[in-house]
Amino acid sequence: WYIIDKSKHNDTLTYWITDTTLFSVDSLKISATYLRTDSTQNLSLTTDTLQFNLRKFKTPKKNKKDEEKDSLPKMDFLALTIKSGTTQDVYLPIGITMGEPVASVDSAGVRLEIKRDSIWEPLGPVPLKRDNGYSLLNYSIPYEWEPGAAYQLVIDSASIHSIYGLHNKPEKHSFTVRQLEEYSNLFFNTDVADSAFVELLNASDDVVRISPVINSTAEFMYLMPGTYYARLFKDRNGNGKYDTGKYDEKRQPEEVYYYPKKLVLKKNWDVEQPWNIDAIPIDQQKPEDIKKNKPAEKKNKDKDKQKNPNNEEEEEEDPFGQNIFQQPDNNYINNNNRR
């Protein structure tokens, strides 16, 4: 009688009710059973009853002119949002978000066109795949984009139907793929043979990309210029993800190592960076910039630095030990020369 949708951390559950006898009523009563500590400090099953009263939206009163305009019945359509902008990354699929869970897709009605000599040339239908994430509403269109080319995504009317019988309006979305010269490529040469992954982080300590360590090397292709950080974890059980410890099984969490410096990537450069994960003690590896629990003295210094960025006593050390624009270094290879 429902389709369940959950958030990434399972802290939000969305029930899309498909039973017409349920979503047509004006109230719902739900019982929730869970473990709760009782007066004797023991866990026991407890059931609570939740009452939901559903109210209809009040529509504003219309005058005669508006009634004449609205004489024709309005049709509701399935909300569809194309998340990609007018510029498309060469390695990413096109993202699409639906307003309701999808019941069916006519693959012939979702197709791509490429612009050649000012003429849109059809490339044929493309697959609309649900993301492997946690939401039922997120879809993507994977494709091997041609760098610098102009494309157009065409979605015909009524190609996508929701579980509530709504269909989409016709959509056209034009975009241009970035040139390879706009990217930077990063290569980590580690002292770890394999069974490990390197996570590329932003300034908020969030994962941007992840790459396996193969023959001691982790590759990150087509990165936008900017400042990054990195950490490595050893994948002991080979499941492709980081696993925390488990007390019942007396299992320790998988080892995590941070690259101790920030990585400043420039446009149209390849950066090859050696990484000895044991060169610095583990408790000293994480860069200060992405530490969330900083000492009070350090926090005050960071605030002063933000207020007066031009009054620094010492020039910040280049993350790779030297200025790449002043002297050559084998770690930096111009993309044009590499190709």
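Rules used in this analysis
- Residues numbered from 1 in each chain as written.
- Predicted model: local features only at pLDDT ≥ 70, side-chain atom pairs only at ≥ 80, totals over all residues.
- Heavy atoms only, no water.
- Pairing = 2+ DSSP bridges.
- Helix = DSSP H or I, 4+ residues; strand = E, 2+ residues; numbered from the N terminus.
- Salt bridge = Lys/Arg side-chain N within 4 Å of Asp/Glu carboxyl O.
- Buried < 20%, exposed > 50% of the residue type's maximum accessible area, 1.4 Å probe, protein only.
- Patch = residues over 30% accessible without salt bridge, like charges linked within 9 Å, V, L, I, M, F, W, Y side chains within 5 Å.
- Areas by Shrake-Rupley, 256 points an atom, 1.4 Å probe, with all protein chains shown as cover.
- Polar contact = N/O pair within 3.5 Å; in protein donor to acceptor, adjacent residues only side chain to side chain.
- Contact = heavy atoms within 4.5 Å.

K.L.:
What exactly am I supposed to notice about the sheet that holds strand S13 (residues 150-155) here?
P.N.:
By definition, the strands of a sheet pair up through backbone hydrogen bonds, in either a parallel or an antiparallel sense. Strand order across the open sheet formed by 5 strands is S6-S15-S13-S9-S10, with mixed pairing between neighbours. At either end of the open sheet lies a strand with only one pairing partner, and these are strand S6 (87-88) and strand S10 (119-125). Here 6 bridges tie S13 to strand S15 (residues 171-177), and the two strands are oriented antiparallel to one another. Bridge pairing in S15 places Ile 155 opposite Glu 171.

K.L.:
I tried to follow the pattern of salt bridges on my own but got confused; where do I start?
P.N.:
In a structure, side chains of opposite charge can pair up when their charged atoms sit close to one another. The full count for this structure, using the stated rule, is 12 salt bridges. One salt bridge in this structure joins Asp 205 and Arg 231, with 3.5 Å as the shortest N-O distance. One end of the pair, Asp 205, is in the loop between strand S17 (196-201) and strand S18 (207-212); the other, Arg 231, is in strand S20 (residues 226-234), and 26 residues separate them in sequence. Both residues of the pair, Asp 205 and Arg 231, count as buried. Put simply, Glu 249 and Lys 246 hold a salt bridge, and the shortest N to O gap is 3.6 Å.

K.L.:
I keep staring at the sheet that holds strand S11 (residues 129-130) and nothing clicks. Help me out?
P.N.:
Here we have 4 strands laid out as an open sheet, ordered S5-S7-S12-S11, and antiparallel in their pairing. The two strands at the open ends of the sheet, each matched to only one other strand, are strand S5 (80-82) and S11. As paired elements, S5 and strand S7 (residues 94-98) share 3 bridges and run antiparallel to each other. Each residue of the ladder has a partner; that of Leu 80, found in S7, is Met 98.

K.L.:
I would appreciate a short explanation of a nonpolar patch on the surface in the present structure.
P.N.:
A surface patch of nonpolar side chains, amounting to about 530 Å² of accessible area, comprises Trp 1, Tyr 2, Ile 4, Leu 13 and Tyr 15. Broken down by secondary-structure element, the contributors of at least two residues to the nonpolar patch are strand S1 (2-6) and strand S2 (13-17). Relative to the assigned elements, Ile 4 resides in strand S1. With relative accessibility at 39%, the residue Ile 4 sits in the partly exposed group.

K.L.:
Help me understand the pairing of S13, please; the structure alone is not making it clear to me.
P.N.:
Moving residue by residue along a regular strand, the side chains alternate between the two faces of the sheet. By the criterion of burial, S13 is predominantly enclosed, with 5 of the 6 residues buried. Bridging between strand S9 (residues 110-116) and S13 involves 5 bridges; their strand directions are antiparallel. Bridge pairing in S13 links Ile 114 to Tyr 151.

K.L.:
Can you help me understand the side chain of Asp 89 in this one?
P.N.:
With respect to the helices and strands, the residue Asp 89 is situated in the loop between S6 and S7. Assessed through its relative accessible area of 16%, Asp 89 is described here as buried. In this structure the side chain of Asp 89 is engaged in a polar contact, spanning 2.9 Å, whose partner is the side chain of Tyr 183. In contact with Asp 89, other than residues within four places in its own chain, are Trp 145, Arg 178, Tyr 183 and Met 224.

K.L.:
Is there a simple way to think about the side chain of Thr 46 in this case?
P.N.:
Mapping Thr 46 onto the fold places it in strand S4 (residues 43-53). Ignoring any residue separated from it by four or fewer positions in sequence, one finds Thr 46 in contact with Ala 32, Thr 33, Tyr 34 and Arg 36.

K.L.:
Please explain the environment of Val 264 as it appears in this structure.
P.N.:
Within the secondary structure, Val 264 is located in strand S22 (residues 263-265). With relative accessibility at 22%, the residue Val 264 sits in the partly exposed group. Here the alpha-carbon distance between Val 264 and Pro 225, two residues 39 residues apart in the chain, equals 7.6 Å.

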